[in-house]
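Given next are the chains, with one letter for each unit.
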Amino acid sequence: MGVKFDSPLSLSNLERKTTMCAKRCFSFCFILSLTLTSAMAAEFNPVWNASRLREASTFSAQDKIAGTHYFYWYDYPDYHFFENAERTDDYLQDHFPNPEMVSFNSVVWHKQELQNCVDAGLDFILPVYWGVVDNYFADGLVFSVQGLGALQRAITERALEGKPSPKIGLFYDTSTLLPGVRGEAGNAEKYDLRTGIGKDLFYRTIRDFFYQVHPKNWACVDRRPLVVLYGSGFAKYHDGSLFDYVYQKFEQDFGGIRPYIIRDNSWGGKTEGVTSWGAALSGPQIFDRVAQIGAGYNDTAVNGRSTPIRQREEGNFYRWSWNQVLNSQARIVLIETWNEMHEGTSICESKEYGRTYIELTRYYVDRFKSNLPGEESITLEFPEPVHRPASDVGAEYKDAQMVKATLGAGGKEEGLWLVKGQPDGPVQNATQGGSPCAQTPSAGHTYMYFSIADPFLFDATEPVRVTYTYWDAGFDRHVFQYDSHDPNAVLKGAYKDHAAVLCTNTNTWKTVSIELTDARFVNRQNGASDFRFAVMNGALAIKDVAVHKINSVADGVR
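Let me begin by describing the structure that accompanies this report. The model shown is predicted, which means the values in this text are computed figures rather than measured ones. (Residues numbered from 1 in each chain as written. Predicted model: local features only at pLDDT ≥ 70, side-chain atom pairs only at ≥ 80, totals over all residues. Heavy atoms only, no water.)

### A word on the pattern of salt bridges
Logical step 1: Within this structure, the stated rule accounts for 25 salt bridges.
Logical step 2: Put simply, arginine 204 and aspartate 134 hold a salt bridge, and the shortest N to O gap is 3.1 Å. Note that arginine 204 is positioned in helix 7 (residues 196–212) and aspartate 134 in the loop between strand 5 (124–129) and helix 5 (143–160), a separation of 70 residues in sequence.
Logical step 3: Overall, the relative accessible area of 4% leaves arginine 204 in the buried class.
Logical step 4: Between glutamate 161 and lysine 163 there is a salt bridge; the shortest N-O distance is 3.5 Å. (Salt bridge = Lys/Arg side-chain N within 4 Å of Asp/Glu carboxyl O. Helix = DSSP H or I, 4+ residues; strand = E, 2+ residues; numbered from the N terminus. Buried < 20%, exposed > 50% of the residue type's maximum accessible area, 1.4 Å probe, protein only.)

### Focus: helix 11 (residues 356–369)
Logical step 1: Taking 1.5 Å of rise per residue, the 14 residues of helix 11 would be expected to cover 20 Å, and the 20 Å separating its terminal C-alpha atoms lies within 8% of that figure.
Logical step 2: Among all positions in helix 11, only Tyr357, Ile358, Leu360, Thr361, Tyr364, Val365, Arg367 and Phe368 are buried.
Logical step 3: The inward-facing, buried residues of helix 11 abut strand 4 (65–70), helix 4 (107–119), helix 10 (316–326) and strand 14 (332–335).
Logical step 4: Two residues or fewer after helix 11 comes asparagine 371, characterised by a positive phi angle close to 60°. (Expected span 1.5 Å × (residues − 1). Contact = heavy atoms within 4.5 Å.)

### Focus: helix 4
Logical step 1: Taking 1.5 Å of rise per residue, the 13 residues of helix 4 would be expected to cover 18 Å, and the 18 Å separating its terminal C-alpha atoms lies within 8% of that figure.
Logical step 2: Looking only at helix 4, the buried set comprises Val107, Trp109, His110, Lys111, Glu113, Leu114, Asn116 and Cys117.
Logical step 3: Buried residues belonging to helix 4 abut strand 4, strand 5, helix 5 and helix 11.
Logical step 4: Within two residues after helix 4, glycine 121 carries a phi angle of roughly 80°, on the positive side.

### Let's talk about the pairing of strand 26 (residues 541–549)
Logical step 1: Burial runs high along strand 26: seven of the nine residues are buried.
Logical step 2: Bridge count for strand 15 (residues 402–406) against strand 26 is five bridges, and the pairing is antiparallel. If you follow lysine 404 over to strand 26, its bridge partner there is alanine 546.
Logical step 3: Where strand 19 (residues 435–439) meets strand 26, two bridges bridge the pair, whose relative direction is antiparallel. Bridging from a neighbouring strand, glutamine 439 pairs with alanine 541 of strand 26.
Logical step 4: As paired elements, strand 21 (residues 464–471) and strand 26 share seven bridges and run antiparallel to each other. By the bridge assignment for strand 26, valine 466 is matched with valine 547. (Pairing = 2+ DSSP bridges.)

### Some remarks on unusual backbone geometry
Keep in mind that most residues, glycine aside, have a negative phi and that most peptide bonds are trans.
Logical step 1: Residue proline 77 is reached from tyrosine 76 by a cis peptide bond, and omega for that bond is -5°.
Logical step 2: Within the fold, proline 77 resides in the loop between strand 4 and helix 4.
Logical step 3: The step from glutamate 336 to threonine 337 runs through a cis peptide bond, and the omega angle for that step is 15°.
Logical step 4: Structurally, threonine 337 is set in the loop between strand 14 and helix 11.
Logical step 5: Located in the positive-phi region is phenylalanine 521, a residue other than glycine, with phi close to 60°.
Logical step 6: Residue placement: phenylalanine 521 occurs in the loop between strand 24 (509–516) and strand 25 (531–538).
Logical step 7: Accessibility expressed as a relative area gives 0% for phenylalanine 521, which makes it buried.
Logical step 8: You will see that asparagine 537, though not glycine, has its phi angle at about 55°, which is positive.
Logical step 9: If you trace the backbone, asparagine 537 turns up in strand 25.
Logical step 10: Using a relative accessible area of 40% as the deciding quantity, one classes asparagine 537 as partly exposed.

So, in structure tokens, the structure goes:
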């Protein structure tokens, strides 16, 4: 199978010899083997020679720069516009002004989006990459390689017209690590990124993206191409050796250059920066060098979703978020997102908002780069995040005095569920002290989410007791955060902290009992959950959790 692109994914010396030039822009024809193995990958020679690599421009680590996640998986009307074959079930929350021109294959569409990014003052875009190593042309995934070609043709044409374009970094959508996404029939086992096979798969996704993007288009910080990672929950295990491997292999394949990696905070290990997905819903995520913000979140157009809603407040949520960044030490701002229309996080031009968010972005990017502080005169009052209505799932627990969950292999959930698949809440089965449990990955900061059956408690007005058993080793501290009635807590009470629990490294199981007088539990946390454990620096293992009504006599609790 052969496809002609503007971007070379050179998978052999023979394929590399097929490169050709035309009309002052690079154009390449290459063949991808769908049965490529990692052993073959070890024989690759670098695709970019030294002269090409020298064409990469760069930002300084001291510069203030801003970019956004660029979703390019659309192709009207067939790709990501409708949920049914009849094209009657629209599952976009935000809408393109001219959907008929939207396509990852359209140079014209990319050129318009690039111009709008320039108008917004953005320095780089992060194509949300779904390039599945060894299966690039799978149905629904081919946009990742084809779209990069059209995107770069658009940049080249704009350059010939004397127009600037933002640079290109990688947003590695790590959900493509899942065997189901990769098209591995019959394989449900997640990859262990501590193994050679897992590391190689992870790395080749990064390598192949930058094989396809010409160095002159790279977004670089201190001459190092920018890589931003999504959550770690799509891998079975990982540790810090993963990034050591990526740095080493990238240097081998790209003339001694190392990538500039900004990892989601669910990843363990050391990289150049840290961020966290979910700012469009939960508010600014601000770390030492990197801040991530968004304009709001609403995915109700997508069937089966149960995420809370973050109203835009006529732009005030976005303004407020930017002002937190202006008062921080951040040097890099990631805006979530340019055009994820399904989840209502877009700042691009849309039918709903016109160019409002392009203009707002330009205003605040200019202030950011001018080192101006937040506008203290802006005082915002946000209503609580809109929550999902009560569900009748778990109706059998309506009159119960307690719901509980035992976790890990063989565990049982009785009206209390561990929320899985939440990007900032990756969990896995584990064993500690001989007991099965659920455990977060070892990371700087991550979460474990739980949801209570609505018929048991919803919009609670009575006091409750939460008990849980955790393994006292492997982390610095954790905090129980719950959906409350407290209007002064984060997001109108959706994330209220209880006292932190410090790790004393006794390597024993310990039980905590918490009494809450203002619990609300109306599904306002991420993933429509009711409470979570925020884990700092390390991995938290929990083997059981229960929620009791205070007058309960279950388990001897009164």
